[in-house]
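Residue strings, one per chain:
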Amino acid sequence: SVTLAGPVLLAAHSDVLQYCQKYKKRLKAKNLMYIKQLLSTLKRWLLLITASEASKQETLKPVNEFLFATETAHVNFFKLLRYCERSQLSRKLLGFMEKRNQDQGTVGTGSKHVSPLRQVEAFLQALTNASSDGRVVVSPAAAPAKAHLKFVLLNPAVYFEEILQQARCVVVAGGTMSPVADFVDQLTTDQTCNIDVHFFTCDHIVGGSQLLPLALTTGPSNKPIKLTFEERKKASVIGELGSILLTACQNTPDGVVAFLPSYDYEEKVFQTWTTQGWLAKLKGVKDVYREPRAASDTEQVLGRYADSIAQGRG
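Bear in mind that the values here come from a model prediction, so they are computed numbers and not experimental data. Throughout, a residue's number is its position along its own chain's written sequence, starting from 1. Local features in this predicted model are restricted to residues of pLDDT 70 or higher, and side-chain atom pairs are both shown and tallied only at a pLDDT of 80 or more, whereas totals for entire chains, interfaces and linings draw on every residue. Calculation of side-chain values draws on the structure's entire complement of heavy atoms; hydrogens and water are dropped beforehand.

Caption draft 1: Spatial organisation of the nonpolar core. One finds L38, W45, F66, V120, F123, L127 and L149 to be the most contacted residues of the largest nonpolar core, which totals 43 residues. Numbering goes from the N terminus for both helices and strands, where a helix is a DSSP run of H or I of at least four residues and a strand is a run of E of at least two. At nine residues, the largest contribution of residues to this core is made by helix α2 (residues 29–49). The residues touching F66, leaving out its near neighbours within four places in the chain, are W45, L48, K61, F123, L127, V136, V138 and L149. Residues grouped as a nonpolar core are buried Ala, Val, Leu, Ile, Met, Phe, Trp, Tyr and Cys residues, joined through side-chain atoms within 4.5 Å. Classification of residues uses two cut-offs on accessible area relative to the type maximum, computed with a 1.4 Å probe and protein chains only: under 20% is buried, over 50% is exposed, and between them is partly exposed. With 14 residues, the next largest nonpolar core counts I244, L246, W278 and L282 among its residues. In what follows, residue pairs with any heavy atoms lying within 4.5 Å of each other are defined as contacts.

Caption draft 2: Examining helix α4 (residues 77–87) more closely. Three or more residues of α4 are buried, namely F77, L80, L81, Y83, C84 and S87. All buried residues of α4 fall inside an arc of 155 degrees around its axis, so they share one side. For α4, exposure combined with an orientation more than 90 degrees from the buried face picks out E85 and R86. N or O atoms within 3.5 Å of each other form a polar contact, as long as, within protein, one can give a hydrogen and the other can take it, and as long as residues adjacent in sequence are counted only when both atoms are side-chain atoms. Measuring from the backbone nitrogen of F78 back to the side-chain oxygen at the start of α4 gives 3.1 Å, which picks out N76 as the cap. Just downstream of α4 lies Q88, where phi reads positive at about 50 degrees. Taking the helix axis as origin, the arc is that swept by the directions to the C-beta atoms.

Caption draft 3: Structural context of the sheet that holds strand β4 (residues 148–153). Any two strands are treated as partners once DSSP identifies two or more bridges connecting them. Taken in spatial order, the four strands line up as β1-β4-β3-β2 in an open sheet, and their pairing is antiparallel. In this open sheet, the two strands that pair with only one neighbour each are β1 (2–5) and β2 (59–62). Pairwise comparison of adjacent strand axes, ignoring direction, gives a mean angle of 20 degrees for this sheet. Note: β1 against β4, four bridges, orientation antiparallel. Its bridge partner lying in β4, V2 is registered against F151. Helix-sheet contacts for helix α1 (residues 6–23) involve β1 and β4, and the interaxial angle to β1 is about 70 degrees. Here the axes come from fitting lines to C-alpha atoms, over the contacting stretch only for helices, and the angles between their N-to-C directions go from 0 to 180 degrees.

See the structure below:
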């Protein structure tokens, strides 16, 4: 997956534009054509993420739909990437902007070692995947500083194929890999599907008699629970999740652990529960802890969680 933040996109467009204005008369016609294509593409992306007040909702688009929405479907990204690589444009831009800042007596705000164009190139490379292999998350905002584009890879087999073809042996280890057959299918292509695969599994630490999987389609208020990408950030959906968790905590002794798909969504849920009052209600029943982003802090939080359970506040 590749994330392209609004400020990086804005800086890349500014750098390429200044470079073009400086050397426009020295560039060959073909090179100038590629630079203009790059400028046009960056401008279209900026227009998409700098949305009006009425269209700030985050959306998930297939690659082809994203290209049509930004009117860049006609651009050959393979040739554009080849030009950037052969001309070493990102390296030239880094030196050009450093020299320009020195001449003007200004201090650059970006990295001194990596041009913003490098991240743009990574995003362009991601867009060359088949449309079915990924999706583009468009997070618009009135100000570019709060907006971003993100390519989410849905088919890791495309990149895993080269590893399987070149390595003598590959070990894939994990704790949540079942069903293994589906996992193997997701990591192999037509060229690697016939490789020898050997499995080694251990018994689960929790016995089968202690497991009770349940799927909820409605919450305590009988409202349908739809956790699709488009629906899951709605306040009404998050509120229903808060009601479900509160009911579970009120009827479950000791500890309760709630898993969410990402740190960003966890932050959204936490803020919404705070506003709606669900967090205060949960704290009235049990102590509430959040998993830290830094792995080094996890052990400390788990220790406090265990202490709360021992004290009857789990």
